[in-house]
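Summary of the model geometry
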There are 4 protein chains.
Amino acid sequence: MIIVCETKATEAQINVIEQKIREAGLQVHRSDGVEYTILGVVGDRNRLDINALALMPGVRDVVPVSTPYKLASRDFHPEDTVVNVGESVQVGGSDVVVMAGPCAVETAEQIETSAAFAARCGARILRGGAFKPRSSPYSYQGLGVEALKLLRQAGDRHGLAVVTEVMTIDQIAVVSEYADLLQVGARNMQNYPFLTALGQAGKPVLLKRGMAATIQELLMSAEYILTAGNPDIILCERGIRTFETATRNTLDLSAVPVVKHLSHLPMIVDPSHGVGTRRFVAPMARAAVAAGADGIMVEIHPDPDKALSDGPQSLTFAEFEALMNRCRIIATTIGRRFGRAK
Amino acid sequence: MIIVCETKATEAQINVIEQKIREAGLQVHRSDGVEYTILGVVGDRNRLDINALALMPGVRDVVPVSTPYKLASRDFHPEDTVVNVGESVQVGGSDVVVMAGPCAVETAEQIETSAAFAARCGARILRGGAFKPRSSPYSYQGLGVEALKLLRQAGDRHGLAVVTEVMTIDQIAVVSEYADLLQVGARNMQNYPFLTALGQAGKPVLLKRGMAATIQELLMSAEYILTAGNPDIILCERGIRTFETATRNTLDLSAVPVVKHLSHLPMIVDPSHGVGTRRFVAPMARAAVAAGADGIMVEIHPDPDKALSDGPQSLTFAEFEALMNRCRIIATTIGRRFGRAK
Amino acid sequence: MIIVCETKATEAQINVIEQKIREAGLQVHRSDGVEYTILGVVGDRNRLDINALALMPGVRDVVPVSTPYKLASRDFHPEDTVVNVGESVQVGGSDVVVMAGPCAVETAEQIETSAAFAARCGARILRGGAFKPRSSPYSYQGLGVEALKLLRQAGDRHGLAVVTEVMTIDQIAVVSEYADLLQVGARNMQNYPFLTALGQAGKPVLLKRGMAATIQELLMSAEYILTAGNPDIILCERGIRTFETATRNTLDLSAVPVVKHLSHLPMIVDPSHGVGTRRFVAPMARAAVAAGADGIMVEIHPDPDKALSDGPQSLTFAEFEALMNRCRIIATTIGRRFGRAK
Amino acid sequence: MIIVCETKATEAQINVIEQKIREAGLQVHRSDGVEYTILGVVGDRNRLDINALALMPGVRDVVPVSTPYKLASRDFHPEDTVVNVGESVQVGGSDVVVMAGPCAVETAEQIETSAAFAARCGARILRGGAFKPRSSPYSYQGLGVEALKLLRQAGDRHGLAVVTEVMTIDQIAVVSEYADLLQVGARNMQNYPFLTALGQAGKPVLLKRGMAATIQELLMSAEYILTAGNPDIILCERGIRTFETATRNTLDLSAVPVVKHLSHLPMIVDPSHGVGTRRFVAPMARAAVAAGADGIMVEIHPDPDKALSDGPQSLTFAEFEALMNRCRIIATTIGRRFGRAK
């Protein structure tokens, strides 16, 4: 951390600042320049409150040279992290991994049909909501544990790993029993007690970016899980809120190369929630693969018009198959592998 | 709800739409216009998925005439709700209520001094963090139950009700033991299982607007608590995230008159978190009162430069006293009462 | 347009509303439903102020069924518009067209080298700034007419059409003398007198989306040019402003399929300005092609570190060549053609 | 400016960076710390491209210690600037100045009635649009020069100065003939050739913040006018674009204390355009005065429901009078004077 003092800072003010830094157990190195005095701080920046320092008399600017996250940073861990999901899927390696399935698990037949088709087209992980976070208390809230069982059975039958959302600390145990990957929804991205609990879950976590979260905040939330002991985190871009109303959210695909630059963690994209309308899902899924995502998560439904939840953003099977065929070529073009159709 | 059909919608398409509405147990009334066929839907709109309807063949537009919230709506409950906090404080009536205190409870002396001064200036509710949500796992996380006790003692000694943040379902019981008003932080605004649990807490709730939440979503979150059985909700504007970086967030004061128009629930403003810098807090606190807020929540600290958490946004006692004197006149100007200095 | 009256609207209020509509020369058809009275308005919606109607006593909601733009709408003009740029380039047809060149024209050698390399890799249009809009009055402002001449010469020598920004009505004539395509910068997107003047320019226009413009507003600005008589408009996504600070702007790639759905006009993407950092340009350029853009506009520079303007976002020649090779395969994958390398 | 080198920067890389700085005519002072080498740059920062520096090999961070604007900065000009408008109005001094009038000048009677009432309630400047920037080419575009004459006559008759919008360089001369204060609309805030022309207009300028402009960019645009020779600039907050849709824009009142802190220029607020709905204008106007604005600009209309432009946001005369009486007390409370009612 570097502290730039004001041109007119007095010697007394500078001394107070230096003392505050030393009291926090850090070292300070002073450099008197022509225009400014600069204080270089050596040690753990988390022991000082940057905002508080910035308001001290005589301080012009505080520059946090290092990032506020450590374990999530590529500086700390230069090689890409590869996360094992279930017994045979690896996210963050050379494969671009497809997660597909309905928004919500509705019936045994619906999830079975979806799993069969997803597997046939090359998807490796089956998705499906059991507990649904809904902004209206009057909306469909999911089938719960019954859905978890159906999901697991369908996944096993077709050689797919299983991902589903967990919403509370209480649910972690039961969801872990059935799922291979625990999804944290955008609204829970900064639920810190929950993140800490997930650090001890013993299962990999799929952490979705909050609707108004910066990339740095996404990495700080990953840091919570990492410091609590769980190294297996997959990040997910799913759209941020902007003033644009033509799409549900604005899918920030540039987050993919930015995260790959700043962090070693894998990053996937969920275009279905980002755009919210079926006809815009396939172009954005292709774009995500072209931008270098480690995977995509796509909603499909055997009969989208009859879906109980978010049907309008689910692809039909035919649309999904066409998408998979195109993504396979795009992935290959940038040197990635893509699940074979069976 | 009103459904506008496309100009070229076929009779068969319109029939399918009408059938879908009737299957959901709603009535539909058709009106064939010169340019458009319009279907008027009568009944509970929550039984239909608007997004799904909007994508059906033949549909041009779906207009949700009614609001998605009911209990929180002024249509449903025309008179202002007045929330009792502790034994003697009423929020949402003619008084503009001031909540003041340090960001985090640090020591017995700090909270005692703050409570004494806040009460002397006319504040009615003592604030202070016991459990702190911090974006970094390396930051100060609060004193926990020990802080709750100190807060309660200081409040009692000076005739102040007590508000503090509760972060998890687990904490509701213990926080309710000590606090008169349960604060829900911005990051928990859409934590639905938590909101449902608060509906059975038996204590009033202070619900902060999420950083990227619309006003409608804030009211939907209130609806969760209301439907779960708790009618005592105070809403709080604390800044939304925008592209502007000169302030921590952008305090959306227009949310005050908008919420008062749409809902019967009281609405207060927290300028300290909104702007994040001491020198901008007082102007925005005055502006909040002028805009018609039912209260303000202000951070004060006996020695802000030594605060362990968010010191730079805390007012000194002298600044707070000057602010209170000015707010008193502003409140009176718009026909509100304001706590007397003792 | 449809007007939904309030449940408790009086007969007198409804009559006043009907009269106001008829006074504007429009027809009104009334339908009394079980819950609401609905007024269907037939005729040109631009003759009524929707906001004014919405505030009339007895009005609950005004629903603008039609779009506010006509000539730019796909309803009005179902086939894709193909814009001819120069003698041999067509934007909006089956080819994905690449526009490349330096941010600013600096020297004859710089633009000549860039043009030669761009042409060799398959670009069809040469870009280069002559008049630069700079947010600081102290920044480099461009070479002006001298740059236009250099650009034209380099374009002609290598069989490239030429695009450059025009900033004022005064500059339209001179820029039209040298350029084949007139670029309107994001900051001028809602400069209406300027748009009207461009409607009479006799040259195609490249209209960039404003940093805070919605897609509908972009199409409204195109409507200004179209109504003034110029049918040859290419739209361009170049990033919108959000709270994210890791990239200069947030490139909204979903605007590509949305615009292609709503309008017949071609849409290209400028990833260089959107992300603002070289290392993120290529992934986003590939993503733009995968999302279905009709073209991309990429900054290249023979020696980016020495560029006078926006060097950090310019690709080196080697990076550009690799990008072109990948985009060619991606374009083919989705059924588009892509300029052959010569 | 301070350049922080990467921990692993080589001696050769640091030498290249130092050389680049010296080539730009600036001095550089090197300080080798324990963790980082820091280069302090002395001289005019506008001679270096910060983005380009930031991308040089070996550079970790570039810290622009000084602001990019000079003439607009309070560091450069510590005392408040007071702008004379017409013969007797001063904006930026102890008076809070009210500008009132209709959105658009429609008829002689409308503007005469509005001017008479505005003056009677204590307004000092008459507003009214002659040239209207409209997002639709089909909307009402204003009366032009005829409106300017009516505005001038009504102002003179009632002792009011006159402000109206100027949209193009061409219009500056004719508008200057009739108006005392030249308004620059939000959409023109970054129209740099226009700003430069206004620097030579010889009349004070009211510069509105762009819908997506940061405060720093607003001050940079003021810098354009200042460097071109015009010291008389009044800034105006009128709402920024956010994801919130309940109001037209989000009025960022915190911009008032922030601008007063960073700059010496006066700052007023236009609540009418910010919220877009009559019922929310008065609370936000009061809040603007309480936040310390040097003035407010309010739309009034003798018969808002019949207004040709933006009627729904215009206050009735009765609402305006009540607002003025309340603002007078609020202004006095914070030590400002407020126009006497006549």
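Before any of the text, the structure's been laid out above.
What you see is a predicted model; the values in this text were computed from it and never measured.

With that out of the way, let us pick up the overall build of chain A. In terms of helices and strands, chain A carries 11 helices and 15 strands. The principal-axis extents of the C-alpha atoms in chain A amount to approximately 75 × 45 × 40 Å. For chain A, the proportion of contacts with a sequence separation of at least 24, taken over those separated by at least 6, is 65%.

Listed as interface residues are 35 residues of chain A and, on the opposing side, 36 residues of chain B. Broken down by secondary-structure element, the contributors of at least two residues to the side of chain A that touches chain B are α2 (50-54), α6 (192-198) and α7 (215-227) of chain A. Among the elements that make up the side of chain A that touches chain B, the one with the highest residue count is α7(A) (5 residues).

Before going further, it helps to spend a moment on the environment of C:R127. Residues and elements named next belong to chain C. When you line up the elements, R127 lands in strand β8 (residues 125-127). C-beta crowding within 10 Å serves as the criterion here: with 32 such atoms nearby, R127 is assigned to the buried category. Taking the C-alpha atoms as reference points, R127 and I300, 173 residues apart in sequence, are found 9.5 Å from one another. Setting aside residues no more than four positions away along its own chain, R127 makes contact with M99, A100, G101, V163, T164 and M297.

Our next topic: the relation of the copies chain B and chain D. Mapping chain B onto chain D calls for a rotation angle of 180° and an axial translation of 0.0 Å; the resulting RMSD is 0.0 Å. What the superposition gives is, in effect, a two-fold axis relating one chain to the other. For chain B, the smallest separation between a C-alpha atom and the rotation axis is recorded for B:A287, amounting to 2.0 Å. Of the interface residues in chain B, 100% have counterparts in chain D that sit at the interface too, so the contact is made through matching surfaces.

Further remarks concern the sheet that holds strand β3 (residues 37-42) of chain B. All names here are of chain B. Taken together, the 4 strands give an open sheet; going across it, the order is β2-β3-β1-β4, and neighbouring strands pair in antiparallel fashion. Looking at which strands have only one partner, the edges of the open sheet turn out to be β2 (27-32) and β4 (59-63). Across the sheet, the mean angle separating the axes of adjacent strands is 20° when strand polarity is ignored. Of the pairings in the sheet, the one linking strand β1 (residues 2-5) to β3 comprises 3 bridges and is antiparallel in character. Looking at the pairing, I3 lines up with L39 of β3. Where helix α1 (residues 11-23) meets the sheet, its contacts fall on β1, β2, β3 and β4, and the angle it forms with β3 comes to roughly 5°.

A few words on the pairing of strand β9 (residues 161-165) of chain A. All names here are of chain A. Of all 5 residues making up β9, 5 are buried, and the element is well covered by its neighbours. Residues A161, V163 and E165 of β9 are buried on one face, and the alternating residues V162 and T164, pointing to the opposite face, are buried as well. For strand β8 (residues 125-127) and β9, the ladder comprises 3 bridges, and the chain directions are parallel. Looking across to β9, one finds that L126 is bridged to V162. At this point the chain moves from β9, through helix α5 (residues 171-178), to the parallel strand β10 (residues 181-184), and the crossover so formed is right-handed.

Moving on: the interface of chain B and chain D. Taken together, the 35 residues of chain B in the interface contact 35 residues of chain D. Here the side of chain B that touches chain D takes 8 residues from helix α10 (residues 278-290) of chain B, the largest share from any one element. Along the lines of polarity and charge, the residues of the side of chain B that touches chain D split into 21 nonpolar, 9 polar and 5 charged.

Moving on, we come to the relation of the copies chain A and chain B. Between the two copies of the chain lies a rotation about an axis combined with a shift along it. Its rotation angle being 180°, the transformation that places chain A on chain B also includes 0.0 Å of axial translation and leaves an RMSD of 0.0 Å. Most of the interface of chain A is mirrored in chain B: 100% of its interface residues are interface residues there too.

For the rest of this paragraph, the subject is the pairing of strand β1 (residues 2-5) of chain D. Residue and element names in this part refer to chain D. The side-chain alternation of β1 yields two buried faces, one formed by I2 and V4 and the other by I3 and C5. Bridging between β1 and strand β4 (residues 59-63) involves 4 bridges; their strand directions are antiparallel. Directly across from I3, in β4, lies its bridge partner V62.

This paragraph deals with the sheet that holds strand β4 (residues 59-63) of chain A. All names here are of chain A. Read across the sheet, 4 strands follow the order β2-β3-β1-β4 without closing on themselves; strand pairing throughout is antiparallel. Each edge of the open sheet is held by one strand with a lone partner, namely β2 (27-32) and β4. On average, each strand axis in the sheet is tilted by 20° relative to the strand beside it, whichever way the strands run. Looking at chain direction, β2 and strand β3 (residues 37-42) are connected through 6 bridges and run antiparallel. Residue pairing across strands places Q27 opposite V42, the latter belonging to β3.

Now for the packing of helix α8 (residues 255-262) of chain B against helix α10 (residues 278-290) of chain D. Running from N to C, α8(B) and α10(D) point in directions that differ by 140°, and their axes come no closer than 9 Å. Between α8(B) and α10(D), the crossing angle belongs to the class labelled oblique. The way α8(B) lies across α10(D) gives a crossing that is right-handed. Taking contact as the criterion, the partners of B:V256, B:P257, B:V258 and B:H261 in α8(B) are, on α10(D), D:R279, D:F280 and D:P283.

A few words now on the environment of D:R241. For D:R241, the location among the structural elements is in the loop between β12 (233-237) and α8 (255-262). According to the C-beta neighbour criterion, D:R241 is buried, with 23 such atoms within 10 Å. Sequence separation between D:R241 and D:A213 is 28 residues, and the spatial gap between their C-alpha atoms is 9.3 Å. Leaving out residues up to four positions away in the same chain, D:R241 has contacts with A:F243, C:A212, D:M211, D:A212 and D:N249.

Residue and element names in this part refer to chain C. Helix α10 (residues 278-290) sits mainly inside the fold: 11 of its 13 residues count as buried. Along α10, the residues classified as buried are F280, V281, A282, P283, M284, A285, R286, A287, A288, V289 and A290. The first or second residue beyond α10 is G292, which carries a positive phi of 105°.

Further remarks concern the environment of C:R134. In this structure, C:R134 sits in the loop between β8 and α4 (145-157). Put simply, C:R134 and C:A116 are 18 residues apart on the chain and 28 Å apart in space, counted from C-alpha to C-alpha.

Conventions we followed
Residues numbered from 1 in each chain as written. Chains lettered and ligands numbered in written order. Predicted model: local features only at pLDDT ≥ 70, side-chain atom pairs only at ≥ 80, totals over all residues. Helix = DSSP H or I, 4+ residues; strand = E, 2+ residues; numbered from the N terminus. Contact = placed C-beta atoms within 7 Å. Buried ≥ 20, exposed ≤ 12 C-beta atoms within 10 Å, placed from the backbone. Least-squares fit on C-alpha atoms with pLDDT ≥ 70 in both. Pairing = 2+ DSSP bridges. Axes fitted to C-alpha atoms, helices over the stretch in contact; angles between N-to-C directions. Right-handed = clockwise from strand over helix to strand, strands pointing away. Nonpolar A, V, L, I, M, F, W, Y, C, P; charged D, E, K, R; others polar. Parallel < 35°, antiparallel > 145°, perpendicular 65-115°, else oblique. Left-handed = near helix turned anticlockwise from the far one by under 90°.

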